[in-house]
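Chain residues, written in single-letter form:
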Amino acid sequence: MRLNDDNDEEEGPKTMSQCSIGHLQPEKSFVIVGYALTSKKVESFLKPKLEGLARNKGILFVAIDQNRPLSDQGPFDIVLHKLTGKEWRQILEEYRRTHPEVTVLDPPDAIQHLHNRQSMLQCVADMNLSETYGKVGVPRQLVIKRDSSSIPDAVTKAGLILPLVAKPLVADGSAKSHELSLAYDEYSLQKLEPPLVLQEFVNHGGVLFKVYIVGEAIKVVRRFSLPDVTKRELSKNAGVFRFPRVSCAAASADDADLDPSVAELPPRPLLERLAKELRRRLGLRLFNLDIIREHGRRDHFYVIDINYFPGYGKMPGYEHIFTDFLLSLAQSRYKKVNSWKP
Ligand SMILES: O=P(O)(O)O[C@@H]1[C@@H](OP(=O)(O)O)[C@H](OP(=O)(O)O)[C@H](O)[C@H](OP(=O)(O)O)[C@H]1OP(=O)(O)O
Ligand SMILES: Nc1ncnc2c1ncn2[C@@H]1O[C@H](COP(=O)(O)OP(=O)(O)O)[C@@H](O)[C@H]1O
Ligand SMILES: [Mg+2]
Ligand SMILES: [Mg+2]
């Protein structure tokens, strides 16, 4: 491993993923990052600009071959991954146990915590963050494990107010886990398919904030979101409206001409508190939060979604932020190892 030489120049891509590490002997001078990602993720994240900048900073990305034992590959300084399945989780856990010198981003069990929409938001609810800069909570929600006919009763008992957003309980990245519905009336709730989370819909002016976290770094962008539901609309409409992949279809709202009270970003100190606390409680370093501001209440925020290793490719300047983060990890690991030496 070589420490950051701060050479920031961007140059053309070198597809190191196709090179043999042994041949280049990069372990002597480079930070080696093994990655296990879907081809979609490789395309959106591992763009030529990132690989080029990384290379200039002394970082090499090397594809992990899932058909070969992980221990036979590398050696890696860092392992970056976003794949699903129990088998893969077990491979990673075993690798973490046998290779404590490698930083695995992030621990599989911590990621697993985000694969359930109830446990995902529990940390935010427990924090009950309320301070000078505002209040951060989660919308009131109810988990329905089975029996759709019981939903109207359960909703009344819990005192949830319509409309409700119905989200699949499991958030494992599958297309199905992103199929959301908006339910306008109690009777129609029976049409929903458990297991799901029923969440109060919070009017937020049709814009949400994506808060990207990469280690200590935080970057916020605006995205268009579902429009507000007025009282009149609520009284006129009935039924369940389905949205197959509402969040992915949403365009950036950063350059849009928005009402300033809707567009104003959440206060930086509030986001820093929230991110710091969530990093600690979730045990994760790579994630984003979908945050909305209750329409008309400047300092009332709700976290509605947390995603592991999200679409960083859409985060402005992610190449610099990500490579700096990888170097900082390698540096702290280097310091630790050297402090053990006599
Ligand atoms: O595909 P992208 O680049 O839009 O990224 C997706 C994220 O979009 P975003 O960062 O919010 O723009 C997306 O965020 P949302 O859940 O849509 O808010 C997820 O993180 C998604 O991963 P998964 O399907 O939940 O495992 C992410 O998908 P993967 O790229 O990880 O498959
Ligand atoms: N409680 C809510 N109030 C208002 N809008 C919501 C709420 N929950 C979700 N949404 C809208 O639905 C979209 C998708 O919901 P989200 O929980 O982020 O699911 P996904 O994991 O599929 O992105 C959000 O980006 C937002 O536009
Ligand atoms: Mg989302
Ligand atoms: Mg999500």
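Cut-offs used in this document
- Residues numbered from 1 in each chain as written.
- Chains lettered and ligands numbered in written order.
- Predicted model: local features only at pLDDT ≥ 70, side-chain atom pairs only at ≥ 80, totals over all residues.
- Heavy atoms only, no water.
- Helix = DSSP H or I, 4+ residues; strand = E, 2+ residues; numbered from the N terminus.
- Buried < 20%, exposed > 50% of the residue type's maximum accessible area, 1.4 Å probe, protein only.
- Contact = heavy atoms within 4.5 Å.
- Areas by Shrake-Rupley, 256 points an atom, 1.4 Å probe, with all protein chains shown as cover.
- Donors = N, O, S within 2.8 Å, 3.2 Å for Na, K, Ca; no water.
- UniProt positions renumbered as here; feature names shortened; annotations may be inferred.
- Core = buried A, V, L, I, M, F, W, Y, C linked by side-chain atoms within 4.5 Å.
- Domains from an automatic or database assignment.
- Patch = residues over 30% accessible without salt bridge, like charges linked within 9 Å, V, L, I, M, F, W, Y side chains within 5 Å.
- Salt bridge = Lys/Arg side-chain N within 4 Å of Asp/Glu carboxyl O.
- Lys, Arg positive; Asp, Glu negative; His and termini not counted.
- Charge placed at Lys NZ, Arg CZ, Asp CG, Glu CD.
- Polar contact = N/O pair within 3.5 Å; in protein donor to acceptor, adjacent residues only side chain to side chain.
- Expected span 1.5 Å × (residues − 1).
- Arc of directions from axis to C-beta.
- Pairing = 2+ DSSP bridges.
- Axes fitted to C-alpha atoms, helices over the stretch in contact; angles between N-to-C directions.

(A) Molecular detail of the overall build of the chain. For the chain, the helix and strand inventory stands at 12 helices and 15 strands. Counting the 342 residues in the chain, one finds 46% classified as buried. The long-range fraction of contacts in the chain, counting pairs at least 24 apart against all pairs at least 6 apart in sequence, stands at 74%. Counting every atom, the chain has about 17200 Å² of accessible surface; 50% of that belongs to carbon and sulfur.

(B) Looking closely at the environment of Gln118. In this fold, Gln118 is placed in helix 6 (residues 117–127). Each C-alpha atom of the pair Gln118 and Val143 lies 7.2 Å from the other, and the pair is 25 residues apart in sequence.

(C) Representation of unusual backbone geometry. Residue Pro75 follows Gly74 across a cis peptide bond; omega there is 5 degrees. Residues other than glycine seldom take positive phi values, yet Asp147 does so here, at roughly 60 degrees. Unusually for a residue other than glycine, Phe309 sits at a positive phi of about 40 degrees. A relative accessible area of 0% means that Phe309 is categorised as buried.

(D) Structural context of the coordination of the magnesium ion (ligand 4). Protein coordination at the magnesium ion (ligand 4) comes from Asp305 (OD), Asp305 (OD) and Asn307 (OD1), with a distance range of 2.1 to 2.8 Å. Separating the magnesium ion (ligand 4) from the magnesium ion (ligand 3) is a gap of 3.7 Å, bridged by Asp305, which donates to each. The exposure classification of Asp305 matches that of Asn307, with both residues buried.

(E) Structural context of the UniProt feature "binding site: Mg(2+) 2" (unreviewed entry) in the chain. Under the UniProt annotation, "binding site: Mg(2+) 2" (unreviewed entry) lies at Asp305 and Asn307. Relative to the assigned elements, Asp305 resides in strand 15 (residues 300–308). By relative accessible area, which is 11% here, Asp305 ends up buried. In this structure, Asp305 is in contact with Arg117, Met120, Leu121, Asn288, Leu289 and Asp290, ignoring residues within four places of it in sequence. Position of Asn307 among the secondary structure elements: in strand 15. Ignoring anything within four residues of it in the chain, the contact list for Asn307 reads Leu114, Lys210, Leu286, Phe287, Asn288 and Asp290.

(F) Quick look at the nonpolar core. One finds Phe45, Leu80, Leu286, Ile306 and Tyr312 to be the most contacted residues of the largest nonpolar core, which totals 58 residues. Per-element tally for this core: the top contributor is helix 12 (residues 318–340), with eight residues. When residues of this core are sorted by domain, at least three fall in each of domain 1 (16–105 + 318–334) and domain 2 (113–308). Not counting residues up to four positions away in its chain, the partners in contact with Ile306 are Leu114, Met120, Leu121, Val124, Leu282, Phe287, Asn288 and Leu289. Core analysis: the second largest hydrophobic core is formed by 15 residues, Ile32, Ala36, Ile64 and Phe76 among them.

(G) Seen up close, a positive patch on the surface. A cluster of basic residues, Lys40, Lys82, Arg245 and Lys314, forms a positive patch at the surface. If you trace the backbone, Lys82 turns up in strand 3 (residues 78–82).

(H) Region of the structure containing the environment of Ser252. With respect to the helices and strands, the residue Ser252 is situated in the loop between helix 9 (246–249) and helix 10 (260–263). For Ser252, a relative accessible area of 46% gives the class partly exposed. In the structure, Ser252 is positioned 62 residues away from Lys314 in sequence and 9.3 Å away in space, judged by C-alpha atoms. Not counting chain neighbours up to four residues away, the residues in contact with Ser252 comprise Arg222, Arg223 and Phe224. Of the polar contacts made by the side chain of Ser252, one reaches the backbone nitrogen of Asp254; its length is 3.2 Å.

(I) Representation of helix 4 (residues 86–98) within the structure. The terminal C-alpha atoms of helix 4 lie 18 Å apart, and with 13 residues this matches the ideal 18 Å at 1.5 Å per residue to within 8%. Taken together, the buried positions of helix 4 are Trp88, Leu92 and Tyr95. What you see down the axis of helix 4 is that its buried residues fit within an arc of 60 degrees, all on one side. Those residues of helix 4 that are exposed and aimed more than 90 degrees away from the buried face are Lys86, Glu87 and Arg97. Against the buried residues of helix 4 lie strand 1 (31–37), strand 3, strand 4 (103–105) and helix 5 (108–112).

(J) Up close: the sheet that holds strand 4. Strands sit in the order 2-1-3-4 across an open sheet of four strands; the sheet is parallel. Each edge of the open sheet is held by one strand with a lone partner, namely strand 2 (59–63) and strand 4. Averaged over neighbouring strand pairs, the angle between their axes works out to 25 degrees when direction is ignored. When strand 1 meets strand 3, the two strands line up parallel, connected through five bridges. Paired with Leu37 across the two strands is Lys82, which belongs to strand 3. On the sheet, helix 4 packs against strand 1, strand 3 and strand 4 and is oriented at approximately 165 degrees with respect to strand 3.

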